[in-house]
Amino acid sequence: MEPASPQLEDGFTRIANTLFEALCSANCPSSILRLTMAVIRETYGYNQKTARIPTHRLAAICGCSERRIRQVLDEAVAWGMLVREGREIGPQ
């Protein structure tokens, strides 16, 4: 296994410091935090506030099943970490 070699040329997600600090201090289950970060990657990473992200894509990023993603998504919305706008989701 090769060591990680992150390079800005390979892409990056621009995130406001206040949002990043809020994520750092969030007192929520790790599954919600991981899903929130995946949604941020799929939205802010493409300069969007919300996006229609397939559950299989989030499952691949988070390393879990699509069923689990749907459960955690409901929890993340209830915790106020994510918002749903129709079929699109995004960070709160």
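Check the entry above for the structure.
Here is a short report on the structure shown in this document. (Residues numbered from 1 in each chain as written. Predicted model: local features only at pLDDT ≥ 70, side-chain atom pairs only at ≥ 80, totals over all residues. Heavy atoms only, no water.)

Let's shift gears to the nonpolar core. Core analysis: the largest hydrophobic core is formed by 20 residues, its most contacted members being Leu35, Val39 and Leu58. Of all the secondary structure elements, the ones that give two or more residues to this core are helix H1 (17-25), helix H2 (30-43), helix H3 (55-62) and helix H4 (66-79). The element that contributes the greatest number of residues to this core is H2, accounting for five residues. (Core = buried A, V, L, I, M, F, W, Y, C linked by side-chain atoms within 4.5 Å. Buried < 20%, exposed > 50% of the residue type's maximum accessible area, 1.4 Å probe, protein only. Helix = DSSP H or I, 4+ residues; strand = E, 2+ residues; numbered from the N terminus.)

Turning next to the environment of glycine 80. By secondary structure assignment, the location of glycine 80 is in the loop between H4 and strand S1 (82-85). Separated by 12 residues in sequence, glycine 80 and glutamine 92 place their C-alpha atoms 6.5 Å apart.

Under the defined criterion, the tally for this structure stands at one cavity of 30 Å³ or more. One number sums up the size of the largest cavity: a volume of about 50 Å³. In this structure, the largest cavity is lined by Ser31, Arg34, Leu35, Cys62, Cys64, Arg68, Ile69 and Val72. Elements supplying a minimum of two residues to the lining of the largest cavity: H2 and H4. When its residues are assigned to classes, the lining of the largest cavity shows five nonpolar, one polar and two charged. (1 Å grid on protein atoms, 1.4 Å probe; cavity = no way out; pocket = protein on both sides within 12 Å on 5 of 7 lines; lining within 4 Å. Points joined across faces, edges and corners; volume = space filled by probe spheres on them. Nonpolar A, V, L, I, M, F, W, Y, C, P; charged D, E, K, R; others polar.)

Further remarks concern the pattern of salt bridges. Oppositely charged side chains can pair when the atoms bearing their charge come close. Evaluated as defined, the whole model comprises three salt bridges. Note that arginine 57 and glutamate 42 form a salt bridge whose closest N and O atoms lie 3.0 Å from each other. Here arginine 57 is found in helix H3, whereas its partner glutamate 42 is found in helix H2, with 15 residues between them in sequence. Residue arginine 68 pairs with glutamate 75 through a salt bridge whose shortest N-O separation is 3.9 Å. On the basis of relative accessible area, arginine 68 is assigned to the partly exposed category, the value being 32%. (Salt bridge = Lys/Arg side-chain N within 4 Å of Asp/Glu carboxyl O.)

Read these as spatial facts, not as claims about activity.
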